[in-house]
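Commentary on secondary and tertiary structure
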Amino acid sequence: MKRVALAVAGVILIGPDAAEARPLRVMSLDQCADQYVLALAPDAELALSPRADDPDAWMRQAAAGRRLVRPTLEAAITFQPDVVVRYWGGEPRLLARLEADGVRVLTIADATGFDGIRRNIRSVAQGVGAERQGEALVSRMDATLAKPARMGRTQKPRALYLTAGGFTAGQGTLIDAILTAAGFANAVVAPSFMPVSIERMVLSPPARFVLGFFDEPRGDWRGAGRHPVLRRLTQGRVAARLPAATLTCPAWFAADAAAILKAGA
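Quick notes on the environment of Leu38
- Relative to the assigned elements, Leu38 resides in helix α1 (residues 31–40).
- Separated by ten residues in the primary sequence, Leu38 and Leu48 place their C-alpha atoms 8.9 Å from one another.
- Each residue touching Leu38, except ones within four places of it in the same chain, is listed here: Leu46, Leu48, Met59, Ala62, Ala63 and Arg66.

Below, the structure is given as structure tokens:
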């Protein structure tokens, strides 16, 4: 897999006289990375993860017909990527070999806000030679965020985010940034992610719920978020149901989650 390559305008020039040109080879190691490479390098030769076309993948339609490979050392040796993109994927043996062979590995950061997403887009775009596409994606996200809410509000309504698995999200999370962008105040003031207490919800129910991952009927079907008590409690209090595809990755489509919440409010 080790070789010397020069990326110019989205192609790799190889061979002793640089006479032969072929598309850039990009391998993604997880579903989040799939979304980035499909959006930013659609003309490259791609090797996507097995989850690229799953129902909770934002770019699943663009992944149709693409090569899907397991993120293993054996697959990388066979594909011989020029660039590898990852969020959390990649076993240590694979990552060590890629580094030793000089393959460029781009890691998507765990962004907790839209500034972090902008940095992610620009970082991956630069790594695959798609700066123009990256800026277009940032502009699309910013335009989505700038869309006004359907109804003006004098005070931010409070809402609690709830997943089918029974978790919520507090300060310093991308969910909190989505709620803020949609004009809501997060009902959870503690930081990070945490399980909800059904008993506490019953004693002091929030005025509004924002539901996430409930569109996956087989996902967390025994999760606390699907408990009959919570199901009754959320009736008439749901501000929006956010599709799983908008929540699985710190990417530009988090703005679409905010837009859904604005429209539902």
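What about the pattern of salt bridges?
- Tallying each qualifying case throughout the model produces twelve salt bridges.
- Its salt-bridge partner being Glu135, residue Arg122 comes within 2.8 Å of it at the nearest N-O pair. With Arg122 in helix α5 (residues 114–127) and Glu135 in helix α6 (residues 131–146), this residue pair connects regions lying 13 residues apart in the sequence.
- Salt bridges sharing partners connect three or more residues here, namely Arg25, Glu45 and Arg67.

Some remarks on the sheet that holds strand β7 (residues 83–86)
- The sheet built from five strands is open, its strands ordered β6-β5-β4-β7-β8 with parallel pairing. Edge positions in the open sheet fall to β6 (67–68) and β8 (104–107), since each of these has one partner strand only.
- Bridge count between strand β4 (residues 25–28) and strand β5 (residues 45–48): three bridges; the pairing is parallel. If you follow Arg25 over to β5, its bridge partner there is Glu45.
- Contacts between α1 and the sheet are confined to β4, β5 and β7, with β5 contributing the most and set at about 165° to the helix.
- The strands touched by α5 are β7 and β8; relative to β8, the strand with the most contacts, the crossing angle is about 165°.

Description of the state of the cysteines
- Inspection of the entire model under this criterion finds one disulfide.
- Here Cys32 is linked by a disulfide to Cys249, with a sulfur-sulfur distance of 1.9 Å. Disulfide Cys32 to Cys249: torsion about the S-S bond roughly 50°, handedness right-handed. Placement of the pair is Cys32 in helix α1 and Cys249 in the loop between β14 (238–242) and α10 (254–264), with a sequence separation of 217 residues.
- The exposure class of Cys249 is buried, given its relative accessible area of 2%.

Scoring rules and cut-offs
Residues numbered from 1 in each chain as written. Predicted model: local features only at pLDDT ≥ 70, side-chain atom pairs only at ≥ 80, totals over all residues. Heavy atoms only, no water. Helix = DSSP H or I, 4+ residues; strand = E, 2+ residues; numbered from the N terminus. Contact = heavy atoms within 4.5 Å. Salt bridge = Lys/Arg side-chain N within 4 Å of Asp/Glu carboxyl O. Pairing = 2+ DSSP bridges. Axes fitted to C-alpha atoms, helices over the stretch in contact; angles between N-to-C directions. Disulfide = S-S within 2.5 Å. Buried < 20%, exposed > 50% of the residue type's maximum accessible area, 1.4 Å probe, protein only.

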